[in-house]
Amino acid sequence: MSLQILILAVTAACCLGFGFVLQQNAAQKAPLSDFLSPRILLDLMKVPRWLGGIGLMVVGMALGAMALGQGEISMVEPLLATNLLFALMLSRRQTKKPLGRQGWTGLALLAGGVTAFIVAGQPTGGTASDSPMRHWLIIGVMVGAALLLTAYAKRSRLSSGPALLATAAGLLYGVQDALTRVTGERFAEGGMAEVLTGWQPYAVVALGLTGLILVQSAFETASLRMSLPALTAAQPLAGILCGVGFLGDRLRTDAGALAWEAAGLASIVVGIILLGTHKAMPSGAKLPEPAAVLQPAQ
């Protein structure tokens, strides 16, 4: 891994983590009538803190796209998952809670899992699949799963709904990352004309906006403890599946490497859960009534 890719990915994770905390601080004050509606974005645009969080997220996504343009998605995605570490740093500053055993264990598992997966898998680039069926099958499975999770979340709403919405958004963001890489490759081959004649950039925008609505609805109805771990865990898993499935990423497949890769991914997921459910994460304020007027976050 080049130092440049590492710096880009970790800086992107920092911006994303800080941005998610600021967004949730504001979104939890949104009226419940905005749940799963594009209106939630229009209402939140009135809140300076939310705009700051979105600004950080956009910067993080741009830096992540640069990292994806220079490295394999199977290597960059685990690094982007460290955004939870930075979210916890900002949350600790707000809640004044110490890390304690759970925090340090989660940190060690997440960092160790990312290291183990990258070292054992040694992700390398390869020839992307030219089979449209393979592309659409994998993308269809990811998007279909996101739709099913969203439909069930709409029914469960305030119970398991936020975690399901965050998982759905993570799946869409993973696909978005894969298509962002494809868009970058098209730009390198033929410039902006080549980009605009493909469907991928338009899908990137559509997935990004849909994922944003899902994430804000999850943030609106629950604390970061219920939503951010699911989002952070689902995105790299979906991205890695797309990378290996149709972008040509290659991982070592001998028995020892596969064992360490599986252990690394499991460690990442467990670390994310421990950090995401840490008491330092904001528990959220009491939800407003549907008719409540959105007030700017202080």
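Residues numbered from 1 in each chain as written. Predicted model: local features only at pLDDT ≥ 70, side-chain atom pairs only at ≥ 80, totals over all residues. Heavy atoms only, no water.

**Q** Can you tell me about the overall build of the protein, naming the residues and giving the values?
**A** Scanning the protein for helices and strands turns up eleven helices and zero strands. In the protein, the succession of helices and strands from N to C terminus is α-α-α-α-α-α-α-α-α-α-α. Here the C-alpha radius of gyration of the protein, 19 Å, is about what a compact globule of 298 residues would show, namely 19 Å. When its C-alpha atoms are laid out on the principal axes, the protein stretches across 55 × 45 × 35 Å. Partitioning the intrachain contacts of the protein with sequence separation of at least 6 by distance along the chain shows that 87% fall at a separation of at least 24. When the accessible surface of the protein is summed, it comes to about 13100 Å², and 68% of that surface belongs to carbon and sulfur atoms. A distance of 16 Å separates the average location of the 20 positive side-chain charges in the protein from that of its 14 negative side-chain charges. (Helix = DSSP H or I, 4+ residues; strand = E, 2+ residues; numbered from the N terminus. Rg over C-alpha atoms; globule rule 2.2 N^0.38 Å. Contact = heavy atoms within 4.5 Å. Areas by Shrake-Rupley, 256 points an atom, 1.4 Å probe, with all protein chains shown as cover. Lys, Arg positive; Asp, Glu negative; His and termini not counted. Charge placed at Lys NZ, Arg CZ, Asp CG, Glu CD.)

**Q** Lay out the pattern of salt bridges with the relevant residues and their values.
**A** Going through the model one piece at a time under the given rule, you end up with five salt bridges. With a closest N to O distance of 3.7 Å, aspartate 43 and lysine 46 form a salt bridge. What makes aspartate 43 buried here is its relative accessible area of 18%. The exposed category is assigned to lysine 46, whose relative accessible area is 59%. Between glutamate 185 and arginine 181 there is a salt bridge whose closest N-O contact spans 3.4 Å. Of this pair, glutamate 185 and arginine 181 are both found in helix H8 (residues 161-196), four residues apart, which corresponds to roughly one turn of the helix. Since its relative accessible area comes to 34%, glutamate 185 is described here as partly exposed. According to the relative accessible area criterion, arginine 181 is buried, its value standing at 8%. Salt bridges linked by common partners bring Arg181, Glu185 and Asp249 together as one network. (Salt bridge = Lys/Arg side-chain N within 4 Å of Asp/Glu carboxyl O. Buried < 20%, exposed > 50% of the residue type's maximum accessible area, 1.4 Å probe, protein only.)

**Q** Please provide a residue-by-residue account of the layout of surface pockets, values included.
**A** If a probe the size of a water molecule is rolled over the atoms, the empty space left behind becomes visible. Its boundaries defined by the atoms lining it, the largest pocket holds a volume of some 470 Å³. Along the walls of the largest pocket sit 22 residues, with Met57, Val58, Met61, Tyr173 and Gln176 positioned nearest its centre. Sorting the residues of the lining of the largest pocket by element identifies helix H1 (3-27), helix H3 (48-70), H8 and helix H9 (200-221) as the ones contributing at least two each. Here the lining of the largest pocket takes nine residues from H3, the largest share from any one element. Class assignment of the residues belonging to the lining of the largest pocket gives a composition of 15 nonpolar, six polar and one charged. (1 Å grid on protein atoms, 1.4 Å probe; cavity = no way out; pocket = protein on both sides within 12 Å on 5 of 7 lines; lining within 4 Å. Points joined across faces, edges and corners; volume = space filled by probe spheres on them. Nonpolar A, V, L, I, M, F, W, Y, C, P; charged D, E, K, R; others polar.)

**Q** Go over the packing of aromatic side chains, please, and point to the residues and values.
**A** Aromatic rings considered in pairs are described by the distance between their centres and by the relative angle of their planes. Inspection of every chain in the model, using the stated rule, returns three aromatic pairs. Between the aromatic rings of phenylalanine 18 and phenylalanine 86, the centroid separation amounts to 6.3 Å while the plane-to-plane angle is 90°, which identifies the pairing as edge-to-face. Of this pair, phenylalanine 18 sits in helix H1 while phenylalanine 86 is found in helix H5 (residues 83-95), placing the two residues 68 residues apart along the sequence. Taking relative accessible area as the criterion, phenylalanine 86 reaches 15% and is therefore assigned buried. Between the aromatic rings of phenylalanine 20 and phenylalanine 219, the centroid separation amounts to 6.2 Å while the plane-to-plane angle is 75°, which identifies the pairing as edge-to-face. Of the two residues, phenylalanine 20 sits in helix H1 while phenylalanine 219 sits in helix H9, which places them 199 residues apart along the sequence. With relative accessibility at 1%, the residue phenylalanine 219 sits in the buried group. (Phe/Tyr/Trp six-rings, centres within 6.5 Å; stacked < 30°, edge-to-face > 60°.)

**Q** Lay out the environment of glutamine 200 with the relevant residues and their values.
**A** Residue placement: glutamine 200 occurs in helix H9. What makes glutamine 200 buried here is its relative accessible area of 10%. Here the alpha-carbon distance between glutamine 200 and arginine 186, two residues 14 residues apart in the chain, equals 9.5 Å. In this structure, glutamine 200 is in contact with Leu179, Val182, Thr183 and Arg186, ignoring residues within four places of it in sequence.

**Q** An account of the packing of helix H4 (residues 73-80) against helix H10 (residues 224-246) is requested, with residue identities and associated values reported.
**A** For the pair H4 and H10, the least separation of the axes is 8 Å and the interaxial angle reads 175°. Overall, the two elements H4 and H10 adopt an arrangement that is roughly antiparallel. Counting all contacts with H4, which are made through Ile73, Ser74, Glu77 and Pro78, the residues of H10 involved are Gln235, Pro236, Gly239, Ile240, Gly243 and Val244. Its residues assigned to classes, the contact of H4 with H10 comprises five nonpolar, four polar and one charged. (Axes fitted to C-alpha atoms, helices over the stretch in contact; angles between N-to-C directions. Parallel < 35°, antiparallel > 145°, perpendicular 65-115°, else oblique.)

**Q** I'd like a rundown of empty space enclosed by the protein, residues and numbers included.
**A** All chains considered together, the criterion is met by two cavities of 30 Å³ or more. If you go around the largest cavity, the residues you meet are Pro78, Ala81, Ala233, Pro236, Leu237, Ile240, Leu265, Ile268, Val269 and Ile272. Sorting the residues of the lining of the largest cavity by element identifies H10 and helix H11 (255-276) as the ones contributing at least two each. Approximately 40 Å³ is the volume found for the second largest cavity. Leu16, Glu77, Leu80, Ala81, Asn83, Thr232, Gln235 and Pro236 are the residues that line the second largest cavity. Elements with a contribution of two residues or more to the lining of the second largest cavity: H4 and H10. Of the residues forming the lining of the second largest cavity, the biggest block, three residues, is contributed by H10.

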